Number of protein chains: 2
Amino acid sequence: MARVLITSGPTRQYLDPVRYLSNASSGRMGAALVEAAIKVGHEVIVVTGPVEVVYSSAARIIPVVSTEEMLAACQQVFAECDGLIGVAAPCDYRPARVATAKIRRTGEPLSLDLHETPDIVATLGASKRLGQWLVGFALESEDPRFRALTKLQKKSCDLMVINHVSAIGATDNSVEILDPNGAIIATFAGSKTDVAAGIFHVIERRLML
Amino acid sequence: MARVLITSGPTRQYLDPVRYLSNASSGRMGAALVEAAIKVGHEVIVVTGPVEVVYSSAARIIPVVSTEEMLAACQQVFAECDGLIGVAAPCDYRPARVATAKIRRTGEPLSLDLHETPDIVATLGASKRLGQWLVGFALESEDPRFRALTKLQKKSCDLMVINHVSAIGATDNSVEILDPNGAIIATFAGSKTDVAAGIFHVIERRLML
């Protein structure tokens, strides 16, 4: 049996003690993948951003808030894992400055300088050892297959799951699985539970020996 | 019996189809106030941002996403209501431009121009007719009583509930209720259910005839 690291949910990048940048990721797809992996006997570590969803109690849960925290938590455990499923939607920009007190409304526009946050899957991909595998998720609103293949290569992934913006926060999903040759090797649509079972079956068949 | 309008939850201001500015408001305090009002026989209309919390089925629920939508929904119904409890945490900045496609990472910083969104409670307060009442909520990290009193006056509120940044997304809360003379007329601490019952009791005693 394998030990699988799953990142899940959104992350938040705070501007001040109240306001943040984020996205509508609910952690539902992550929770469904955790269930799918545990059901067939694997050990699962979940690094999750703030979500209301409840993960299987059989998994080890590491809660985080920001993208930097998610990366640090993953780096602590990835070396002991056989593979990564990066289904989280980490916030990929952070304010250059974070105010320690709540920013006050003045009636004037506010200019916010944003820097990119580290790419978690790419960072872990750059450190992967022989036998470790990575599955990424790509959420593209335009030209999804081409951009997903570029991401697969840049992030050293073994498979990339392409899903659509409409999947965020929803209960259903519709995905395509892309291999490193640019071939779509599977497509699944339905409840996130069913789609997760399908994705996990492909991962087992293609990446776990 | 009165008809009470309650705003609840956060709002989101999207930068592109995926990323948004928001805050961690869960709608729990709003849901507890809805329960408290319904329990003593009032009619409740809830205008709520995106939350996982479930409101009483006895309330009329109007779901919205952005601050502009929350204001528009409130303006449609406020004239028929006896009062407003503005417990929502509307996102008070919006990107000057919203991208129609997902903004691509380029490795470079991104500069975001933010404009203030309309102040929902202040806008409704400016239109209030004789006999209508407004209760606002102030979340301040610094100098809370002074700033809350300024807000009470600016927003034409009859009472202002002061709570702390730590209340956001939590199950417990600790509040002070400020009257237009700057006096703290009540303080409540405990579960949001208990705190909501206390706040609603003050509203009934002071504002409902």
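Here, residues in each chain are numbered from 1, in the same order as that chain's written sequence. As they are written, the chains are lettered A onward and the ligands numbered 1 onward, keeping that order. This being a predicted model, a pLDDT of at least 70 is required before a residue's local features are given, and a value of 80 or more before pairs of side-chain atoms are given or counted; all residues contribute to the totals for chains, interfaces and linings. Excluded from the side-chain calculations are hydrogens and water; all other atoms, namely the structure's heavy atoms, are used.

Focus on the confidence of the model for chain A
Predicted coordinates in regions of low pLDDT should not be interpreted in detail.
So, point 1. Along the chain, pLDDT gives the predictor's confidence residue by residue, from 0 to 100. Chain-level statistics for chain A give a pLDDT mean of 95 and a share of 100% at 70 or above.
So, point 2. Interface predicted TM-score (ipTM) for the complex: 0.92; the corresponding pTM is 0.93.

Some thoughts on the interface of chain A and chain B
So, point 1. Should any heavy atoms of two residues lie within 4.5 Å, those residues are considered in contact. Each partner contributes to the interface: chain A provides 41 residues, whereas chain B provides 41 residues.
So, point 2. Take the accessible area each of two parts loses on contact, using a 1.4 Å probe, and add the two losses: that sum is the buried area. Between chain A and chain B, a total of about 3600 Å² is buried, with carbon and sulfur atoms accounting for 49% of that surface.
So, point 3. Considering only the surface of chain A that becomes buried against chain B, Tyr 93, Arg 105 and Glu 116 of chain A emerge as the three largest contributors, covering 18% of it.
So, point 4. Definition used for salt bridges: Asp or Glu carboxyl oxygen within 4 Å of a side-chain nitrogen of Lys or Arg. Applying the counting rule to chain A against chain B returns six salt bridges.
So, point 5. Think of a polar contact as two N or O atoms within 3.5 Å of one another; within protein, one of them needs to be a possible hydrogen donor and the other a possible acceptor, and neighboring residues in sequence only count if both atoms come from side chains. On the surface where chain A and chain B come into contact, there are 23 residue pairs in polar contact (both at pLDDT 80 or more).

What to know about the pattern of salt bridges
Residue and element names in this part refer to chain A.
So, point 1. The full count for this structure, using the stated rule, is 27 salt bridges over all chains.
So, point 2. Measuring nitrogen to oxygen at the nearest pair gives 3.0 Å for the salt bridge that ties Glu 43 to Arg 3. Here Glu 43, found in strand β4 (residues 43-48), pairs with Arg 3, found in strand β1 (residues 3-8); they are 40 residues apart in sequence, far enough to count as distant.
So, point 3. When accessible area is computed with a 1.4 Å probe and restricted to protein chains, residues below 20% of their type maximum are described as buried, those above 50% as exposed, and intermediate ones as partly exposed. On the accessibility criterion, Glu 43 (43% relative accessible area) is partly exposed.
So, point 4. Note on Arg 3: relative accessible area 25%, which makes it partly exposed.
So, point 5. Salt bridges sharing common partners tie together Arg 3, Glu 43 and Glu 80. Runs of E in the DSSP output that reach at least two residues are strands. Runs of H or I that reach at least four are helices, and both are numbered from the N terminus.

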